[in-house]
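# An overview of the molecular structure
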Amino acid sequence: MVTVAVDTRHEEVHKAVLDGLVAFNTAAMGGDGGRQPVSISVRDGDVIVGGAVGRYWHGWVYVDLFWVRDDLRGRDIGSQVMDELEGHARSLGARGVHLTTYSWQARPFYEKRGYQVFGEISPYPEGHACYWLSKTL
């Protein structure tokens, strides 16, 4: 018997859904599209104080997470992270990079780097907006 319900076993559900989706996409696309993780770190000694995490898939890099510790902002470190990420994307043969940001985050930063908004939800959350941006390399 098939059931549908809220499930508190998040990690188990996440793995099952991801595995199923990857298998479905692989079959539909005729391969895994070179799927691989992308990680850029900013370190102060052994401590990670920033970086970007994403994935390459079918010619594009998607940035899941991007953060630089507050006291390091305004020192061009974010630009260095994006330079490294975009350079790595090019080395993988990526045609571009895409990501999501919010109105209180870094939209102007990305736009200065040549990213363009291709989607928006507003209000989300209330009083703010969510943006999807991309840049062709």
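Right above here is the structure, for reference.
An account of the accompanying structure is given in this report. (Residues numbered from 1 in each chain as written. Predicted model: local features only at pLDDT ≥ 70, side-chain atom pairs only at ≥ 80, totals over all residues. Heavy atoms only, no water.)

## A few points about the sheet that holds strand E2 (residues 47–57)
Put simply, the test is: Only strands that DSSP links by at least two bridges are regarded as paired with each other. A run of H or I in DSSP becomes a helix once it reaches four residues, and a run of E becomes a strand once it reaches two; helices and strands are each numbered from the N terminus. Throughout, an axis means a line fitted to C-alpha atoms (over the contacting stretch in the case of helices), and angles, computed between N-to-C directions, take values from 0 to 180 degrees. In this analysis, two residues are considered to be in contact whenever any of their non-hydrogen atoms come within 4.5 Å of each other.
With mixed pairing, the six strands of this open sheet are ordered in space as E1-E2-E3-E4-E6-E5. The two strands at the open ends of the sheet, each matched to only one other strand, are strand E1 (36–44) and strand E5 (116–121). Neighbouring strand axes in the sheet, compared pairwise and without regard to direction, differ in orientation by 20 degrees on average. Summarising the sheet, E5 and strand E6 (residues 130–136) pair through five bridges and their orientation is antiparallel. Bridge pairing links glutamine 116 to serine 134 in E6. Lying over the sheet, helix H2 (residues 77–91) contacts E1, E2, strand E3 (60–68), strand E4 (96–102) and E6, oriented at roughly 160 degrees with respect to E3.

## Regarding the nonpolar core
Selection rule: Here the nonpolar core consists of buried residues drawn from Ala, Val, Leu, Ile, Met, Phe, Trp, Tyr and Cys, with membership extended through side-chain atoms lying within 4.5 Å. Partly exposed describes any residue whose relative accessible area lies between the buried limit of under 20% and the exposed limit of over 50%, with all areas from a 1.4 Å probe on protein chains only and scaled to the type maximum.
Judged by nonpolar contacts, the single largest core of 23 residues is most densely connected at Val61, Leu85, Val97, Leu99 and Tyr115. Listed by contribution, the elements that provide at least two residues to this core are E1, E2, E3, H2, E4 and E6. Among the elements that take part in this core, H2 stands out by supplying five residues, more than any other. Beyond its immediate stretch of four places on either side in the chain, valine 97 contacts Trp60, Val61, Val63, Leu85, Glu86, Ala89, Tyr115, Leu133, Ser134, Lys135 and Leu137.

## Here's the deal with the pairing of E4
Rules: Place the viewer so that the strands point away; then a crossover is right-handed whenever the path from the first strand over the helix to the second strand goes clockwise.
As paired strands, E3 and E4 are joined by four bridges and run parallel to one another. When the sheet's bridge partners are listed, valine 63 is paired in E4 with leucine 99. In this view, the connection linking E3 to its parallel neighbour E4 by way of H2 has right-handed handedness.

## Quick notes on the layout of surface pockets
Inclusion rule: Within this scheme a cavity is a closed region of a 1 Å grid, computed over the protein atoms alone, that accommodates a 1.4 Å probe without allowing it to escape, whereas a pocket is open but has protein on both sides within 12 Å along at least five of seven lines; lining residues each have an atom within 4 Å of a point. Grid points are joined across faces, edges and corners, and a volume is the space filled by probe spheres set on the points. All amino acids are sorted into three groups, where Ala, Val, Leu, Ile, Met, Phe, Trp, Tyr, Cys and Pro are nonpolar, Asp, Glu, Lys and Arg are charged, and the leftover types, Gly among them, are polar.
By volume, the largest pocket is sized at about 500 Å³. What lines the largest pocket is a set of 23 residues, among which Phe66, Trp67, Val68, Ala106 and Tyr110 lie closest to the centre. Contributing elements (two or more residues each) for the lining of the largest pocket: E3, H2, E4 and helix H3 (107–112). Here the lining of the largest pocket gets six residues from one element, more than from any other, and that element is E3. Class assignment of the residues belonging to the lining of the largest pocket gives a composition of 13 nonpolar, six polar and four charged. Volume-wise, the second largest pocket comes out at about 340 Å³. Along the wall of the second largest pocket there are 14 residues; nearest its centre are Leu21, Asn25, Arg35, Arg55 and Trp57. A total of six residues in the lining of the second largest pocket trace back to one element, the largest contributor, which is helix H1 (residues 10–29). For the lining of the second largest pocket, a count of residues per class yields six nonpolar, five polar and three charged.

## Notes on H1
Selection rule: By this rule, a helix spans an expected 1.5 Å times one less than how many residues it contains.
The end-to-end C-alpha separation of H1 is 28 Å, in line with the 28 Å expected for 20 residues at 1.5 Å each. Following H1 by one or two positions, glycine 30 adopts a phi angle in the positive range, close to 75 degrees.

## Let's talk about the side chain of lysine 135
Position of lysine 135 among the secondary structure elements: in strand E6. Lysine 135 has contacts with Trp60, Glu86, Arg95, Gly96, Val97, Arg113, Gly114 and Tyr115, leaving out every residue within four places of it along the chain.

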